[in-house]
Amino acid sequence: LLDLLALHQASALHKPRPANAAAPAVERDEIAAGLKKGEFVPYFQPKVEMDSGRVVGVEALVRWNHPHRGLLAPGAFLAAVESHGLMDHLTWIVLSQSAAIGQTWHQRGLALTLSVNLSLSSLGRVELAERIVEVVSKHGFPLSSMILEVTESAAMQAVGPSLENLTRLRLRGFGLSIDDYGTGYSALQQLTRVPFTELKIDQSFVRTAVQHETTRIVVESSLDIARKLKLKSTAEGIETPQQWEMLKAMGCDIAQGYLIAKPMPAEALPDWVARWHPGSLKRRTSSAPEV
Ligand code: C2E
Ligand code: MG
Ligand code: MG
Ligand code: MG
């Protein structure tokens with residue numbers, strides 16, 4: 001009975017937090033105007049290779065620089081963007097701005113991979129692959145340095161045109177990442193159909209793995225699948241030295257989370273990378289044995 005209770009509590013912890021539970025409805029006109037005025041900008045969160053401590057890439061995470069409400073995170077507006085049919089527009093803005101910024105970094109010798117999130121609604125569009133190739137090439141950003149992230153639940157629903165798009169993008173050199181892994185019902189079949197290159201363990205698992213053995217086993221098996229399928233594994237939402245240590249010991253390749261850095265504006269990134277070294281983590285994690 002106690003086991004069942006623990007399991008029940010753990011599964012409650014794994015439920016993704018409601019993204020926009022308290023968010024006020026956002027009018028279509030307001031979003032459309034913001035898109036036009038350039039109020040939507042990508043922030044960038046570093047990804048660090050756990051073995052070497054090297055910064056290997058960044059994930060672009062959109063923010064809305066709202067004229068009255070201040071800087072908004074996706075939880076406050078993404079569902080509205082989607083329901084008003086404006087997701088494609090947002091995707092192009094994020095892709096294009098990220099590629100432009102990523103290219104300036106590459107020119108400065110900062111050859112980071114750039115991860116961009118794709119929504120399910122964009123995935124099935126005909127000519128999506130061609131348009132992405134076009135937008136990214138326009139800025140001279142190397143296609144093989146861009147990773148397209150698709151959530152597990154979106155990947156699960158990928159059929160026909162979406163599968164074709166993903167395969168085409170992979171053939172052009174893009175990396176493909178399965179995001180929020182473990183929160184869908186079962187992506188195992190899609191793992192055999194979509195040529196993924198990366199698996200991102202959802203932060204709900206990272207959050208509970210240290211205290212909860214069942215979660216730990218799920219994470220270990222996910223990392224095992226990633227290894228055997230030759231996918232890079234990334235743990236998102238690493239906040240504590242304990243989580244870093246555990247994921248590293250389990251053989252996870254890459255870490256992303258507030259312990260390393262929060263998403264930041266493009267201008268801040270090169271300085272942050274220059275100041276970063278594995279030791280910075282060690283200093284911050286003085287309670288941990290070895291990093
Ligand atoms: P995601 O792709 O799984 O991104 C990770 C989220 O976790 C980001 O939230 C990031 O800020 C947050 N995060 C990273 N490390 C930590 C940590 O240590 N602790 C905690 N508590 N959170 C952490 P964010 O930026 O609010 O984005 C939420 C979601 O919105 C993303 O989840 C992604 O699914 C979606 N999203 C963000 N940008 C875009 C975009 O440009 N296009 C689309 N379609 N979706 C986007
Ligand atoms: Mg993501
Ligand atoms: Mg994720
Ligand atoms: Mg997530």
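Everything quoted here is computed from the prediction, not taken from an experiment. (Residues numbered from 1 in each chain as written. Chains lettered and ligands numbered in written order. Predicted model: local features only at pLDDT ≥ 70, side-chain atom pairs only at ≥ 80, totals over all residues. Heavy atoms only, no water.)

S.K.: Can you break down the confidence of the model for the protein residue by residue, with the values?
M.R.: Looking at the protein, pLDDT values average 88 and 86% of them are 70 or higher. Between residues 12-18, whose pLDDT stays under 50, and residues either more than four places distant or in other chains, the model counts eight contacts. Below pLDDT 50 for its whole length, residues 285-291 participates in 14 contacts with residues either more than four positions away or in separate chains. (pLDDT = per-residue confidence, 0-100. Contact = heavy atoms within 4.5 Å.)

S.K.: Outline the environment of Ser 122, supporting the account with residue identities and numerical values.
M.R.: Checked against the element boundaries, Ser 122 lands in helix 5 (residues 120-123). In this structure the C-alpha to C-alpha distance between Ser 122 and Glu 213, which are 91 residues apart in sequence, comes to 37 Å. Look past the residues within four positions of Ser 122 in its chain and what remains in contact with it is Met 87, Asp 88, Thr 91 and Leu 128. Reaching out from Ser 122, the side chain makes a polar contact with the side chain of Asp 88 at a distance of 3.2 Å. (Helix = DSSP H or I, 4+ residues; strand = E, 2+ residues; numbered from the N terminus. Polar contact = N/O pair within 3.5 Å; in protein donor to acceptor, adjacent residues only side chain to side chain.)

S.K.: Explain the site of ligand 1 to me, using residue names and the numbers behind them.
M.R.: Within the structure, ligand 1 sits among 21 residues, and Arg 63, Asp 179, Gln 203, Glu 239 and Tyr 258 are positioned closest to it. Separating an oxygen atom of ligand 1 from a side-chain N or O atom of Arg 63 is a distance of 2.8 Å. Interatomic distance of 2.5 Å between a side-chain N/O atom of Glu 239 and a nitrogen atom of ligand 1. About the coverage of ligand 1: the protein hides 85% of its 810 Å² of free accessible area. Sorting the residues of the shell around ligand 1 by element identifies strand 2 (55-66) and strand 6 (175-181) as the ones contributing at least two each. (Near = heavy atom within 4 Å. Areas by Shrake-Rupley, 256 points an atom, 1.4 Å probe, with all protein chains shown as cover.)

S.K.: For the coordination of the magnesium ion (ligand 2), give the residues involved together with the corresponding values.
M.R.: In the first shell of the magnesium ion (ligand 2), the protein supplies Glu 59 (OE), Asn 117 (OD1), Glu 149 (OE) and Asp 179 (OD), at 2.0 to 2.3 Å from the metal. Read in sequence order, the donor residues coordinating the magnesium ion (ligand 2) give the pattern E-x57-N-x31-E-x29-D. Between the magnesium ion (ligand 2) and the magnesium ion (ligand 3), a spacing of 3.7 Å is present, and a bridge between the two is formed by Asp 179. With Glu 59 in strand 2 and Glu 149 in strand 5 (residues 146-151), this residue pair connects regions lying 90 residues apart in the sequence. (Donors = N, O, S within 2.8 Å, 3.2 Å for Na, K, Ca; no water.)

S.K.: Quick one: what's the story with the coordination of the magnesium ion (ligand 3), residue by residue and with numbers?
M.R.: Around the magnesium ion (ligand 3), the protein supplies Asp 179 (OD), Asp 180 (OD) and Glu 236 (OE) as donor atoms, at distances of 1.9 to 2.5 Å. In primary sequence terms, the donor set of the magnesium ion (ligand 3) follows D-D-x55-E. For Asp 179, a relative accessible area of 5% puts it in the buried group. Given a relative accessible area of 21%, Asp 180 falls into the partly exposed group. (Buried < 20%, exposed > 50% of the residue type's maximum accessible area, 1.4 Å probe, protein only.)

S.K.: Now, about the pattern of salt bridges: what can you tell me, with residues and values included?
M.R.: Tallied over the entire structure, the rule returns 10 salt bridges. The partner of Glu 49 in a salt bridge is Arg 54, and the shortest N-O contact between them spans 3.5 Å. Through salt bridges with shared partners, one network takes in Glu 59, Glu 149 and Lys 200. (Salt bridge = Lys/Arg side-chain N within 4 Å of Asp/Glu carboxyl O.)

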